Amino acid sequence: MCHGTDIKGTGPLAKKSVPPTPDLTTPAFRQRLVDYPGVIVSSVILRPNGDLIPGTLRENGVRLPAFAWTVKDFRDLNEYMTGVISRSR
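A. Layout of the nonpolar core. Within the largest apolar cluster, nine residues are counted, these being Ile7, Leu24, Phe29, Leu33, Val39, Ile40, Met81, Val84 and Ile85. Only helix H1 (27-35), helix H2 (39-45) and helix H4 (71-87) provide two or more residues apiece to this core. Looking at this core, the element that brings in the most residues is H4, giving three residues. In this structure Leu33 touches Val39, Ile40, Thr82 and Ile85, once residues within four positions along its chain are discounted.

As structure tokens, this is what we get:
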């Protein structure tokens, strides 16, 4: 919804979040993955207002399931996103 299928911040909600959704394929972001391997998980759970991603989705009519994330969920998310970003060009 936000990063888009190309993970370049081109999804339908990309410009509706503040700050706008970043391009995850840039050399700078790839370097952040090397410098700080937990950057993806921290981006999800440690946003400045604590609700940026869920709030943006809710405000734009995207229904979120009510469940608590587990440590395994965050590990899986990090592994998946790191792989997708590493393979992007």
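B. Quick peek at the environment of Leu33. Locating Leu33 in the fold gives a position in helix H1. Since its relative accessible area comes to 11%, Leu33 is described here as buried. Put simply, Leu33 and Ser86 are 53 residues apart on the chain and 9.1 Å apart in space, counted from C-alpha to C-alpha.

C. Here's a closer look at H4. Taking 1.5 Å per residue as the helical rise, H4 with its 17 residues ought to reach 24 Å, and the 24 Å between its terminal C-alpha atoms agrees with that figure. By the burial criterion, the buried members of H4 are Phe74, Asn78, Met81, Gly83, Val84 and Ile85.

D. A look at the packing of H1 against H4. Relative orientation of the contacting elements H1 and H4 amounts to 140 degrees, with a least axis distance of 11 Å. Taken together, H1 and H4 sit at an angle that is classed as oblique. In the packing of H1 onto H4, the handedness of the crossing is left-handed. Contacts between H1 and H4 involve Phe29, Arg30 and Leu33 on the former and, on the latter, Thr82, Ile85 and Ser86. Here the contact of H1 with H4 is built from residues that sort into three nonpolar, two polar and one charged.

Criteria and cut-off values
- Residues numbered from 1 in each chain as written.
- Predicted model: local features only at pLDDT ≥ 70, side-chain atom pairs only at ≥ 80, totals over all residues.
- Heavy atoms only, no water.
- Core = buried A, V, L, I, M, F, W, Y, C linked by side-chain atoms within 4.5 Å.
- Buried < 20%, exposed > 50% of the residue type's maximum accessible area, 1.4 Å probe, protein only.
- Helix = DSSP H or I, 4+ residues; strand = E, 2+ residues; numbered from the N terminus.
- Contact = heavy atoms within 4.5 Å.
- Expected span 1.5 Å × (residues − 1).
- Axes fitted to C-alpha atoms, helices over the stretch in contact; angles between N-to-C directions.
- Parallel < 35°, antiparallel > 145°, perpendicular 65-115°, else oblique.
- Left-handed = near helix turned anticlockwise from the far one by under 90°.
- Nonpolar A, V, L, I, M, F, W, Y, C, P; charged D, E, K, R; others polar.

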